[in-house]
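Chain by chain, the residues run as shown.
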Amino acid sequence: MEAYILEQNGGVENLKKTTIASPHIKANEVLIKTKAIGINPIDVQVRNSKDFLGMITQGNIPQQVILGWDVAGVVEQAGEGVDNLKPGDEVYGLLNMPGLGNTYATYVAASANQLIRKPAELDFIAAGATPMASMTAWQAVVTLGKVKKGEKVLIHAASGGVGHFALQIAKHIGAYVIGTASAKNERFVRALGVDEFIDYTVQPFEKQLQDVDVVIDTINSVEHVQRSISVLKKGGRLVYLQPYFQSAIEAQLQAAEVSGYGVFVNSSVEVLTEISKLIREGHILPKVTQTFSFDQLPAAQAAVESGRAIGKVAVSVN
Ligand SMILES: NC(=O)c1ccc[n+]([C@@H]2O[C@H](COP(=O)([O-])OP(=O)(O)OC[C@H]3O[C@@H](n4cnc5c(N)ncnc54)[C@H](OP(=O)(O)O)[C@@H]3O)[C@@H](O)[C@H]2O)c1
């Protein structure tokens, strides 16, 4: 099979396409023939930083590092003990998070209990792009943010991978949703049903908002998260996507009398089942705006690394 091996931490040039043996599956695993791979900012962070790689593998860095967690494909082989999937099934999932998912490959071995059948409403590319961003959004909006009907919810980077799912989930719940992005993405965000759009490049959001019930802060900046705290009403909830910010914001959360929750997404098939249900019922839809071939996978990572991606970036595999 073909796979991208991370030779050492650093730039995209360190992702080397190599021919290696296909993985052998163990009991309770399936072998997937990859059809699409979703690219996420964490792929870039782990590629860039040995500390991140060490953190995600809990110090057990294998000799051959294959990045990637999102996958959609077809079951080629089912191992002993697998009774929920069979060869020919079209599946998708977020593999082995935390750990290494090894999805940057034309074949992937995966635990059968981390995969579910792909909703017929999604093609492989849309399905491959969905798991990590949508499951993070679910944990932010539903599990931790506990967003309720009628609440005022601010979602930062509503044009991004996580944000565009969070917006759709919060609207489905019946919240009043305010989304931030720059003007060029206003049309994209409005088409997803946002109630209010803020161009963060024109005026700081905190000058325009107060008494917000829940903020979902997707931005990788402590200072940005601190600004988000200032728009919450007393008793409000902040959900932030960089869990290691906790100690830096603890005092401000207390002073503002609000709660703070850091998200760390994991391979929960229960959450992906909830996402599939919303997709099947037509409440949410992934928006893939850039698709690359397997040969162009490093360029797909560069597109995500730019910080300007709209919706999702995916890689199609033949
Ligand atoms: N903790 C976890 O488990 C977890 C899981 C998934 C993701 N994450 C993290 O969550 C973050 C977001 O992920 P993602 O996949 O949504 O990223 P993404 O798709 O790459 O986000 C890109 C979007 O962010 C917007 N943006 C950039 N700066 C902004 C700002 N200051 N204000 C408002 N919008 C801004 C851009 O719009 P413009 O071009 O208009 O600026 C762009 O559309 C990443 O840092 C990622 O590492 C954490």
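Computed from a predicted structure; not experimentally measured.

K.L.:
In this structure, what is going on with the site of the ligand? I would like to understand it.
P.N.:
The environment of the ligand is formed by 25 residues, the closest being S182, K184, Y200, V263 and A309. Here an oxygen atom of the ligand and a side-chain polar atom of Y200 are 2.4 Å apart. In isolation the ligand has 940 Å² of accessible area, and contact with the protein removes 89% of it. For the shell around the ligand, the elements supplying multiple residues, two or more each, are α1 (41-48), α5 (161-173) and β9 (176-181). Of the residues contributing to the shell around the ligand, the split by class is 12 nonpolar, 11 polar and 2 charged. When we break the shell around the ligand down by domain, the ones giving at least three residues each are domain 1 (2-130 + 286-316) and domain 2 (133-262).

K.L.:
What is the right way to read the packing of aromatic side chains from this model?
P.N.:
In this description, an aromatic ring pair is defined by two values, namely the gap between the centres and the angle between the planes. Counted under the stated rule, the structure contains 3 aromatic pairs. The interplanar angle of 65° and the centroid separation of 5.1 Å between the aromatic rings of Y4 and F294 together place this pair among those described as edge-to-face. Placement of the pair is Y4 in strand β1 (residues 2-6) and F294 in the loop between β14 (288-293) and α10 (297-305), with a sequence separation of 290 residues. Since its relative accessible area comes to 3%, Y4 is described here as buried. Residue F294 is classed as buried on the basis of its relative accessible area, which comes to 6%. With 5.3 Å between their ring centres and 80° between their planes, Y244 and F245 make a pair best called edge-to-face. Through a chain of ring-to-ring contacts, the aromatic side chains of F52, Y244 and F245 assemble into a single cluster. Here the guanidinium or amino end of K118 rests over the ring plane of F124, the centre of that ring lying 5.0 Å away.

K.L.:
Can you help me understand the nonpolar core in this one?
P.N.:
In globular proteins that are soluble, nonpolar side chains generally tend to be buried together. Counting 94 residues, the largest nonpolar core has I39, W69, I155, I275, L297 and V315 as its most contacted members. Tallying contributions element by element places helix α4 (residues 131-144) first for this core, with 7 residues. Two domains each put at least three residues into this core: domain 1 (2-130 + 286-316) and domain 2 (133-262). Beyond its immediate chain neighbours, meaning those up to four positions away, I155 contacts G163, A166, L167, A170, V177, I178, G179, T180 and I216. By size, the runner-up hydrophobic cluster in this structure holds 17 residues, among which are I229, Y240, I249 and L253.

K.L.:
Honestly, the domain arrangement of the protein chain in this entry has me stumped. Any pointers?
P.N.:
Accessible area lost during the coming together of the parts is what is often quoted as the interface size. Per the domain assignment, the segments making up the protein chain are domain 1 (2-130 + 286-316) and domain 2 (133-262). Taking only C-alpha atoms, the centre of domain 1 and the centre of domain 2 are 28 Å apart. Listed by partner, the interface residues are 13 residues for domain 1 and 16 residues for domain 2. By the criterion of area lost to domain 2, the three top residues of domain 1 are T130, K287 and I310, representing 38% of everything that side buries. Inspection of the region where domain 1 meets domain 2 yields 5 residue pairs in polar contact (both at pLDDT 80 or more). Residue composition of the side of domain 1 that touches domain 2, by class: 5 nonpolar, 5 polar and 3 charged.

K.L.:
Is there a simple way to think about the packing of helix α7 (residues 222-229) against helix α8 (residues 246-256) in this case?
P.N.:
The packing of two helices is summarised by the inter-axis angle and the distance between the axes. Two numbers describe how α7 lies on α8: the axes approach to 10 Å, and their chain directions differ by 10°. Judged by the angle between their axes, α7 and α8 are roughly parallel. For the pair formed by α7 and α8, the contact residues are V222, V225, Q226 and I229 on the first element and A248, I249, Q252, L253 and A256 on the second. Classifying every residue of the contact of α7 with α8 gives 7 nonpolar, 2 polar and no charged.

The rules behind these values
Residues numbered from 1 in each chain as written. Predicted model: local features only at pLDDT ≥ 70, side-chain atom pairs only at ≥ 80, totals over all residues. Heavy atoms only, no water. Near = heavy atom within 4 Å. Polar contact = N/O pair within 3.5 Å; in protein donor to acceptor, adjacent residues only side chain to side chain. Areas by Shrake-Rupley, 256 points an atom, 1.4 Å probe, with all protein chains shown as cover. Helix = DSSP H or I, 4+ residues; strand = E, 2+ residues; numbered from the N terminus. Nonpolar A, V, L, I, M, F, W, Y, C, P; charged D, E, K, R; others polar. Domains from an automatic or database assignment. Phe/Tyr/Trp six-rings, centres within 6.5 Å; stacked < 30°, edge-to-face > 60°. Buried < 20%, exposed > 50% of the residue type's maximum accessible area, 1.4 Å probe, protein only. Lys NZ or Arg CZ within 6 Å of the ring centre and 35° of its normal. Core = buried A, V, L, I, M, F, W, Y, C linked by side-chain atoms within 4.5 Å. Contact = heavy atoms within 4.5 Å. Buried area = accessible area lost by both parts, 1.4 Å probe. Axes fitted to C-alpha atoms, helices over the stretch in contact; angles between N-to-C directions. Parallel < 35°, antiparallel > 145°, perpendicular 65-115°, else oblique.

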